[in-house]
Each structure stands twice: as C-alpha cells, then as structure tokens.
Amino acid sequence: MQQHRAGGPGGAARAEPIDPALAGPPGTHAEPVDSADGVSTLRVPPRDAHGLLAWLKRESPGRWRMLYDLTVIDERQRRDRPPAPRPDFTLVYHLLSLDRSEPLRVQVPLEGEFPSAPGVTGLWPSAAWYEREAWDMFGVRFDGHARLRRLLMPADWRGHPLRREHPARATEMGPFDLSEEKTAVLHDRMRFHPHEWGLAEERDGVETMFLNLGPQHPGTHGVLRLILQLEDERIVDLVADIGFHHRAAEKMAERQSWHTYIPYTDRVDYLGGTLNNMAYLTAVERLAGIEVPPRAAVIRILLCELFRIASHLVWYGTFAQDLGALSPVFYMFSDRERVLEIIEAVCGFRMHPGWFRIGGVAADLPQGWDGMVRRFLEYLPPRLREYDAMVMGNAIFRARTRGVGAYTLDEAIDWGVTGPGLRACGLAWDARKRRPYGGYDQLDFEVPTAEGGDCYARAVVRVEEMRQSLRIIRQCLDGMPEGPVKADHPLTTPPPKDRTLLDIETLIDHFLNVSWGPVIPAGEAASFVEASKGMMTYFAVSDGDVHPYRMRIRAPSFPHLQMLPVMARGLLISDLMAILGSIDFVMGEVDR
C-alpha cells in the first residue's frame, strides 16, 4: 500500500512508501502532511478515520495507545488553508506512543457549516469530554456519543465560541441582562436529572441519594461541582460539572500578538508560572525556527524547576490538610515563600512573572541570584526529610491513601493520564527524558516512579520529584553558561534595540515589531512539555500573521479530572477527598 504526501497549497503530491507503523487497515486513504514541528501527521477522510484510529491503537506496531488530545480548527477564514479538498473544519487528534516516545497527529477534514464526525469514545473513554468540548466550542457533532451536551459553556449559551464568526468581546454581544424570569430558567437548568446521564434512581428496588459536592467546597480545590450518587456513604457513581472557571483563554489568543499572549499563559495553571510560558513558547519557536541560546535555555530550566517545587509544595501541604493534618500546610507554604522570593528577585513578579520571551528571556539574571539559589539548595533537603516523617510516614495518612483511588497502567493510558499520575503506575515516562526539549537532555536526573497507582503512590512520586528538581537546579547553578539571553533572530520579542538610533529603517522595524509583534510563518506546531501536573501542550496554528489563527491548550488536569468516576466508585465520600487532593489539579487549566 502507498500513501501520498500532500504538497503545499497548490503543490503536487508525490507517492511514497508508507511507514508500516502508520499504514492503517487495507483500503485506508491517508496522506502524510509536512509539519513545522516534525510531528508525523496524517490526513484521512472522515469515512476512514475511525478505522485508522482503531488500527493505530490496537494493531499498529507503533502502539499509539493514548489519545493525548482532540480539538478542531475552523478553516473557513484561514489564508494558509489545507489543499483541496479545502475543508471548512479540521478535526485534529494527537495520539501518543509511550513505547516509541513519539506523538502522532491525525487530521480529519470536515465539510459543511455544522459537520459530523465518527465518535471514538469506544476506543478511548477519555474522548467523552474532548468530543463534548469540540461540540460545545465548534458545533461539530460526533456520531455515537451518548451525551453530547455543553461542557464548558452554560446550558443556555447561544452559539459556539471558538468558531470564527462568534464575537470575541462582550461589547460585541450587547448588554448583559439577568431578569428574574431568566434567573428562574437558569436555576431550573442547573437541576440534575439522573436519567440524562444514564443513571438509575433506584438500585435493587432501593432509591439512591444524589448529593451536590461544590461548586463551593474546600475539598474541590476550586470552583468544581460534583454530583454523587450514594448508597449510604458509598459512592455508586459520580458526575463532574466543570466550566465555572472558563474565561476563553484560547479565544483570547486570536486577538493578541504572539508576544502579548505570554502573560495570559501564566494564568492557565496559576501555580505553574514559567512552566506555562515554556509550553507556549516552545511551540511558537518551533513555528518560527528560533534556536534559544544556551544561557537563556539554562535560565528557563532553572525557573521552571523552581516553579515545579513551588507547585508541589502547595500540593503537599493542602493534600495533608485534606486528610486532617493541619501543621504541614503552614510549614510548606513558608518554604514556598522562599521559592517565590527567588522568583521575585529574578523576574520582578511572584506567581505570574510573564518573564520568558520568544527566543529567550526578558533579562539576564540579577546580581546575587546564585547566592539565593545556593542557600535554598542547602535549606530545603532537611525540610523534606522532616516532612517524610510528618506526612508520608504518618500512620493515618498511609491508611487514608494506600489502596484508595487506584488505577492500572492500562487504565491510565486509556484515560490520557500523564505526569506523576502515570509514573505512579510504575512507568518511568517523563517528557524531559523521553522527549527532551529546552536543554533537558544535557542534565542528569532520575525519573521517580511508584507502584499501585493509588493516592499514596502519586504522593511518593511528587515528593521525590522535588528532590530531583533540586538536583537539576544545582546543575543549572554550577554550569550556568555565559552568553546572550535572547536569540539573534528577527522574530524575537522585543527585537534587539542597539541599532535603532543609527538609521530610520531599523527604528521603524523595531517600532512595528514591538507594537504589532512578529509575523510568525504559517504552519502548525505543538509543544510537549512536562509541567508540574502532567504534560501540557500548546498547539499553535499560524496564518502568517501577527497573531495566532488558532491556539489550542492541552492541559493535564482536564483528562485527570475526567477519570474521577473510575477512581471513586465503591468508595466513601471521605475517600473522595483523598482522591481529589492526590490528583493535584487546578481548575484554571481544566476550564481554560
């Protein structure tokens, strides 16, 4: 069997032998497509999509077992539109082979104003939320989906916000009105009707109870509503209601320049700081062909690992607090302050530094940075040993977490679990090691794992990750290279200013590049970054303009939270508190 490589717009296609790992079942018509990020990309017609995806998961020698992401591109206003047949929408699947440590992109062109596509919830249970999101945001319907309804937007929302014709500002939508009649309607729509979710109100002739947990509850770590189906205090089933935190992070990218969108990324995982910047800028720099200089790369790693420790300390203290231990959160938040003091000294800000830039970082490290970092490296290890005894060795903590909220490695892969949650099942898969980026391949560190896939195993992994981050930070401290902190490239932001006072052409070019931002070449590129809560990806689509045409944010907490029913069924409400704390999710990245 052969497949055809699609040329650029208007370009001729040429026949090439197919990669056996991508061949698909007999009769599949798939075309390899060039991509700016080097990710293998296939374009397949809708009629063949389900068959190809099933083959890739179950039979392909590439073992593309994980549905990493699913999203849509509205192609109707795109100048750099895919070649004929020119689609109105493109359905994009990102698959991940953990064996080969490779992603795969499958594009399905769709025609029509409100197209349909084959659903894949039978292949990947994690597709349930992804397909609901695609319908909610774009109006793409999925055949076979049991409950295709709003996910992030309110039930009464009109339109599909990520379509190109949908208004991007509130001022374009008319004044907001909330009359008493509308309030009553909205309250009624918030009522939970079990039959709409396939839940029976009785079991063995006994009526079950439905209980709202949240959206304002300290155990939900954010504005999250959980509807529990109970028999006594045991959980029969669970429905998660998300979207309360949704603030159109992807839509806002379409109105921002590539440069001015950087601060918006800080707020996705608002505990992750520069880890968000790293994920976004890795995709943009791949599109632009920018190579970050060595000093800037090491500075980025230093800041990312400091934020990883800060995020894990928040998780550590609040997780212990969820289970009744009140002292640890005070100690650990105090230690986090020491991290934020370093961040503030370097960046000028604490939680939301917005400090990385296209091609590097905003400025060089300040005088005295090395002393602050060295003192922190000496301070934290003894504290972590204290916490081992205070929390991890505590008999009550162990009893509340061991064997609770467990899943197998196969279940983790099917549900799209990454980061500490995946490594808690014994698989040492870390993007920093298995798919290095940003200079991590030059550093020596271990990938912590645990066995059992339960709440305790997830805690073991995160605690050890802090020690490995300290190990990485020490290497950054001892091996910080000299040199520039920004690439010498015309698309860096802001561009070099040294010649602006010598000739008017350079001054004008600098002014335009600062005010409008750089023009990033047309194409598509994705990043695969190991954030504190799992793998985070920005899938950037450029139309050769000063702002993104489409920006997709794949956040790790989204699939992790979708797996709650699998982890909680048959357990007690008190166990659910342990499960929620062990996931370490942030609703900002769930809802975006």
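Before reading on, note that the structure itself is shown above.
Residues numbered from 1 in each chain as written. Predicted model: local features only at pLDDT ≥ 70, side-chain atom pairs only at ≥ 80, totals over all residues. Heavy atoms only, no water.

A. The arrangement of the packing of helix α7 (residues 294-322) against helix α9 (residues 369-392) in detail. Remark: α7 packs on α9, axes separated minimally by 13 Å, with the N-to-C direction vectors making an angle of 25°. The orientation of α7 with respect to α9, classified from their angle, is roughly parallel. Helix-helix and strand crossings are classified by hand; for α7 and α9 the assignment is left-handed. From α7, L302, L306, I309, Y316 and A320 reach across to α9, where they touch W369, F376, L380, Y387, D388, V391 and M392. Counted by class, the contact of α7 with α9 contains 11 nonpolar, no polar and one charged residues. (Axes fitted to C-alpha atoms, helices over the stretch in contact; angles between N-to-C directions. Helix = DSSP H or I, 4+ residues; strand = E, 2+ residues; numbered from the N terminus. Parallel < 35°, antiparallel > 145°, perpendicular 65-115°, else oblique. Left-handed = near helix turned anticlockwise from the far one by under 90°. Contact = heavy atoms within 4.5 Å. Nonpolar A, V, L, I, M, F, W, Y, C, P; charged D, E, K, R; others polar.)

B. Broad picture of the state of the cysteines. Summed over the entire model, instances satisfying the criterion amount to zero disulfides. Cysteine C304 remains unbridged, with the sulfur of C476 as its closest cysteine sulfur at 9.7 Å. (Disulfide = S-S within 2.5 Å.)

C. A look at the pairing of strand β13 (residues 225-231). Among the seven residues in β13, six count as buried, and that is most of the element. Two strands pair when backbone bridges link them, and strand β12 (residues 209-213) and β13 are joined in this way by five bridges, in the antiparallel orientation. Across the sheet, F210 pairs through a bridge with Q229, a residue of β13. (Buried < 20%, exposed > 50% of the residue type's maximum accessible area, 1.4 Å probe, protein only. Pairing = 2+ DSSP bridges.)

D. Region of the structure containing the packing of helix α14 (residues 455-478) against helix α18 (residues 573-583). α18 packs onto α14 with a crossing angle of 25° between their chain directions and a minimal axis gap of 9 Å. Taken as axis vectors, α14 and α18 run roughly parallel relative to one another. Judged by the sense of rotation from one axis to the other, the crossing of α14 with α18 is left-handed. Along its contact with α14, which presents C455, R458 and R462, the element α18 presents A578, I579, S582 and I583. Tallied by class, residues from the contact of α14 with α18 come to four nonpolar, one polar and two charged.

E. Layout of the sheet that holds strand β3 (residues 31-32). Ordered in space as β3-β4-β7-β6-β5, the five strands form an open sheet in which the pairing is mixed. Of all the strands in the sheet, the pair left with one neighbour each is β3 and β5 (66-74). As paired elements, β5 and strand β6 (residues 89-97) share eight bridges and run antiparallel to each other. By the bridge assignment for β6, I73 is matched with T90. Against the sheet, helix α1 (residues 46-58) touches β4 (40-43), β6 and β7 (102-110), its axis set at about 165° to β7.

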